[in-house]
Amino acid sequence: MPNAWKWKLALLCSLILISIYVVLPSFLGMSEKREAALASGTSLPWYYDVLPEKGINLGLDLRGGLYLEFEVETAKAIENRVDVLVDDIKAELGKNNVVTSEIRQEVKTQSIEIFASDANAIEATREIVQKNFANVLAIQKHENNHLSFVLDESHRDYLLDHIIKQALEKVRNRIDRYGVAEPSIQRLGNDRIAVELPGIKDPERAIGMIKRAGMLEFKLVDASVQAADLASMLKEARESLKLAEDDFSLEAKQSINEQLAKKLPQDTEISFSLNYDPLSHKLLGGTPYLLTRRAALTGQMLKSAQTNINNNEPFVSITFDAQGTTKFGDLTKNNVGKQLAILLDGVVNSAPLIREPILGGRAQIEMGRGNFRDILKQCEDLVLVLNEGALPATLTEATKTIVGPSLGADSIKQGVSATLLGALCVFVFMVLYYRGSGLIANVALAINLLFIMAALALFQATLTLPGIAGIVLTLGMAVDANVLIFERIREELKKGNLAKAAINAGYGNAIRTITDANITTLITGIVLYQFGTGPIKGFAVTLIIGLVISMYTAIVCTRMAYDYFLIKKRITKVSV
């Protein structure tokens, strides 16, 4: 036998052995047994140390889990950014000794309104803003005593894109800290984030942890409106808006504040603290607070957060960084005798009275009363969110799909059955129609399937239900390549060519057609992988891997078999 043939055979045998080694843990369910042994503390047999730790990753539809799509609400994030610009403008005007009567944000239009008593101050303000905030702010109105600026369109687009990227990164960090194996987090379109969490055991807790904004704010309570007057205004607003008495959602809060904007003191808003039953966790009601619209301090100045327990009641203690400690100290020192509300995601957690300056830079967030384990879990989730940082914008749940483990197991069973049934039909057809050559193609097909599984395990690719469909399609294309070769060989034999010449011509004439067909399909697979999501990407992965492998098995492996029979057995007839 030629040396080249021997090297090809050695390579094939090596690849088969390596593939069996890589795939074996997946078919023996070793990953699940390893996790169970680690959880129970039992020892594992010796061969667990020899074989790979990880096998084929199963996707959401096969393993069970959670699929989510979140819509990123960017309006509040833009509002916060405009507030920062208001502070920056005030600082610049102060440096240049320009006196204005008022600088504020008009929340509805997200514009910056500047008022001054004389035209010279307005003109000086315009020059300073246009000089220092070029390409950030665009002038909307210019009058003798009034200037109005809005965000430049290009800067707004930049901010929106940056907010989505930040939200994506924060979600990814939270999920990584939560400890989900093989999650998928990606951006969809302009304002959506898709999340796949295979094998998740507590979907609702995961959803709450992901979408929680983690926005920690400290706002002063405005005592200028009496509690009875505030309750009366709230009642009128609810009746006008046709809101239920027990509706304390953020949407309801926004609608109420918009309705009462002209009645409330300027730059104030109403927020609620929520009261829950400690046993049933049922919402009992809410307490309204009139607060300053802008936060005096936020979680951006947080150094750390941790869970503590006092008198068998878990709570979250927070520590500010150097800047936050100074700011918190000044805030409490200048407002002794006033209430300071601590808000988490727009909801008042508590509103303690400032009795004396707090200069140590520490505070605590109480989680209420109830089951100890439940409260402890809430504290742990809050600590994770606070330490990872607040989301730049609110996430609204747009799509939610929960796949149970039993449904995933059924999908695996049906997918494997369909693959085996399809392969069996192909095997029978090939043997009946192409006889001995069909048998060679069937062996190559089995090797192809083994190599695909090994590649999925080796590269830690995720196998999904559409991925199984991709494998079936790939097997069909691999057989199609052999069909082209066999038909070419038949044509050559009908012309009277000898076996060796017919086989050489069959492979030589068919290979260009096979290559063209596979390359065009490969391009399609790459496009699907690049722009597809979830199941589509799973289909693309198996299609790409299968196409590359089928080129090797359908052309190289089957040709090796023919070469063996031609050279070693010296056949003169081809069974095709």
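Here the structure is shown first, and the text comes after it.
Treat the numbers as computed from the prediction; the structure is a model and nothing was measured.

Draft legend 1. Spatial organisation of the overall build of the chain. For the chain, the count of helices and strands is 15 helices and 19 strands. Expressed as lengths along the three principal axes of its C-alpha atoms, the size of the chain is roughly 105 × 60 × 45 Å. Relative to its 576 residues, the chain shows a buried fraction of 43%. In the chain, the share of contacts with a sequence separation of at least 24, taken over all contacts with a separation of at least 6, comes to 68%. Across the chain, 61 positive and 62 negative side-chain charges occur, with their mean positions spaced 10 Å apart.

Draft legend 2. Geometry of the pattern of salt bridges. For the structure shown, the criterion picks out 19 salt bridges. With a shortest N-O distance of 3.8 Å, Glu 71 and Arg 192 are connected by a salt bridge. Separated by 121 residues along the polypeptide, Glu 71 in strand 2 (residues 65-73) and Arg 192 in strand 8 (residues 192-198) bring together distant segments of the chain. Where Glu 102 meets Arg 104, a salt bridge forms, and the shortest distance between an N and an O atom there is 2.9 Å.

Draft legend 3. Focus on the nonpolar core. One finds Leu 456, Phe 486, Ile 489 and Tyr 562 to be the most contacted residues of the largest nonpolar core, which totals 48 residues. Of all the secondary-structure elements, those providing two or more residues to this core are helix 1 (3-27), helix 12 (405-458), helix 13 (465-494), helix 14 (499-531) and helix 15 (535-567). Residues within four places of Leu 456 in sequence aside, it is in contact with Ile 56, Ala 461, Leu 463, Ile 471, Val 541, Thr 542 and Ile 545. Listed in part, the 46 residues of the second largest apolar core include Phe 70, Leu 85, Val 98 and Leu 137.

Draft legend 4. Region of the structure containing the packing of helix 13 against helix 15. Between helix 13 and helix 15, whose axes approach to 8 Å, the crossing angle comes to 30°. The orientation of helix 13 relative to helix 15 falls into the category roughly parallel. Considering only the axes of helix 13 and helix 15, their crossing is right-handed. Split by residue class, the contact of helix 13 with helix 15 holds 16 nonpolar, nine polar and no charged.

Draft legend 5. Main features of the sheet that holds strand 3 (residues 102-106). What the four strands build is an open sheet, ordered 3-4-6-5; its pairing is antiparallel. Across the chains shown, the open sheet's two edge strands, defined by having one partner strand only, are strand 3 and strand 5 (137-142). Between one strand axis and the next, the sheet turns through 25° on average, direction left out of account. Two strands pair when backbone bridges link them, and strand 4 (residues 111-115) and strand 6 (residues 146-151) are joined in this way by four bridges, in the antiparallel orientation. Directly across from Ile 112, in strand 6, lies its bridge partner Phe 149. Lying on the sheet, helix 4 (residues 75-95) is in contact with strand 3, strand 4, strand 5 and strand 6; it crosses strand 3 at an angle near 165°.

Draft legend 6. Structural detail: the sheet that holds strand 7 (residues 184-188). One open sheet accounts for four strands, arranged 7-8-2-18; its pairing is antiparallel. At either end of the open sheet lies a strand with only one pairing partner, and these are strand 7 and strand 18 (394-403). Averaged over all neighbouring strand pairs, the angle between strand axes comes to 20°, with direction disregarded. Note that strand 2 and strand 18 share nine bridges and pair antiparallel. Bridging across to strand 18, Val 72 finds its partner in Leu 395.

Draft legend 7. Quick peek at helix 5 (residues 119-132). The end-to-end C-alpha separation of helix 5 is 20 Å, in line with the 20 Å expected for 14 residues at 1.5 Å each. Where helix 5 is concerned, the buried positions are Ala 121, Ile 122, Thr 125, Arg 126, Ile 128 and Val 129. Elements that come into contact with the buried residues of helix 5 comprise helix 4, strand 4, strand 5 and strand 6. Between the side-chain oxygen at the start of helix 5 and the backbone nitrogen of Asn 120 there is a gap of 3.1 Å, and the oxygen is on Asp 118.

Draft legend 8. Structural view of the packing of aromatic side chains. Per the stated rule, a full pass over the model turns up 11 aromatic pairs. Members of the aromatic cluster, each reached through a chain of ring pairs, are Phe 429, Tyr 433, Tyr 434, Phe 486, Tyr 507 and Tyr 562. The positively charged end of Arg 490 is found above the aromatic ring belonging to Tyr 433, 4.7 Å away from the centroid.

Draft legend 9. Representation of the environment of Leu 359. Tracing the backbone shows Leu 359 in the loop between strand 16 (347-350) and strand 17 (362-366). Since its relative accessible area comes to 58%, Leu 359 is described here as exposed. Apart from residues no more than four positions distant in its own chain, Leu 359 is found in contact with Thr 325 and Gly 329.

Draft legend 10. Looking closely at unusual backbone geometry. One non-glycine residue with positive phi stands out, namely Asn 97, at about 55°. Examined against the element boundaries, Asn 97 turns out to sit in the loop between helix 4 and strand 3. Residue Lys 242 is not a glycine yet carries a positive backbone phi of 60°.

Draft legend 11. Molecular detail of the environment of Ser 101. Assignment of secondary structure puts Ser 101 in the loop between helix 4 and strand 3. Residue Ser 101 is classed as exposed on the basis of its relative accessible area of 58%. Each C-alpha atom, one on Ser 101 and one on Asn 145, is 9.5 Å from the other, the two residues being 44 residues apart in sequence. Each residue touching Ser 101, except ones within four places of it in the same chain, is listed here: Phe 115 and Ala 116.

Draft legend 12. Empty space enclosed by the protein, seen in detail. According to the stated counting rule, one finds one cavity of 30 Å³ or more in the structure shown. Here the largest cavity is characterised by a volume of approximately 40 Å³. Around the largest cavity, the lining residues are Phe 248, Leu 250, Lys 253, Phe 272, Leu 274, Gly 346 and Val 347. When residues of the lining of the largest cavity are traced back to their parent elements, those giving at least two are helix 9 (250-259) and strand 10 (268-276). Of the residues contributing to the lining of the largest cavity, the split by class is five nonpolar, one polar and one charged.

Criteria and thresholds
Residues numbered from 1 in each chain as written. Predicted model: local features only at pLDDT ≥ 70, side-chain atom pairs only at ≥ 80, totals over all residues. Heavy atoms only, no water. Helix = DSSP H or I, 4+ residues; strand = E, 2+ residues; numbered from the N terminus. Buried < 20%, exposed > 50% of the residue type's maximum accessible area, 1.4 Å probe, protein only. Contact = heavy atoms within 4.5 Å. Lys, Arg positive; Asp, Glu negative; His and termini not counted. Charge placed at Lys NZ, Arg CZ, Asp CG, Glu CD. Salt bridge = Lys/Arg side-chain N within 4 Å of Asp/Glu carboxyl O. Core = buried A, V, L, I, M, F, W, Y, C linked by side-chain atoms within 4.5 Å. Axes fitted to C-alpha atoms, helices over the stretch in contact; angles between N-to-C directions. Parallel < 35°, antiparallel > 145°, perpendicular 65-115°, else oblique. Left-handed = near helix turned anticlockwise from the far one by under 90°. Nonpolar A, V, L, I, M, F, W, Y, C, P; charged D, E, K, R; others polar. Pairing = 2+ DSSP bridges. Expected span 1.5 Å × (residues − 1). Polar contact = N/O pair within 3.5 Å; in protein donor to acceptor, adjacent residues only side chain to side chain. Phe/Tyr/Trp six-rings, centres within 6.5 Å; stacked < 30°, edge-to-face > 60°. Lys NZ or Arg CZ within 6 Å of the ring centre and 35° of its normal. 1 Å grid on protein atoms, 1.4 Å probe; cavity = no way out; pocket = protein on both sides within 12 Å on 5 of 7 lines; lining within 4 Å. Points joined across faces, edges and corners; volume = space filled by probe spheres on them.

Interpretation in functional terms is not warranted from these geometric data alone.
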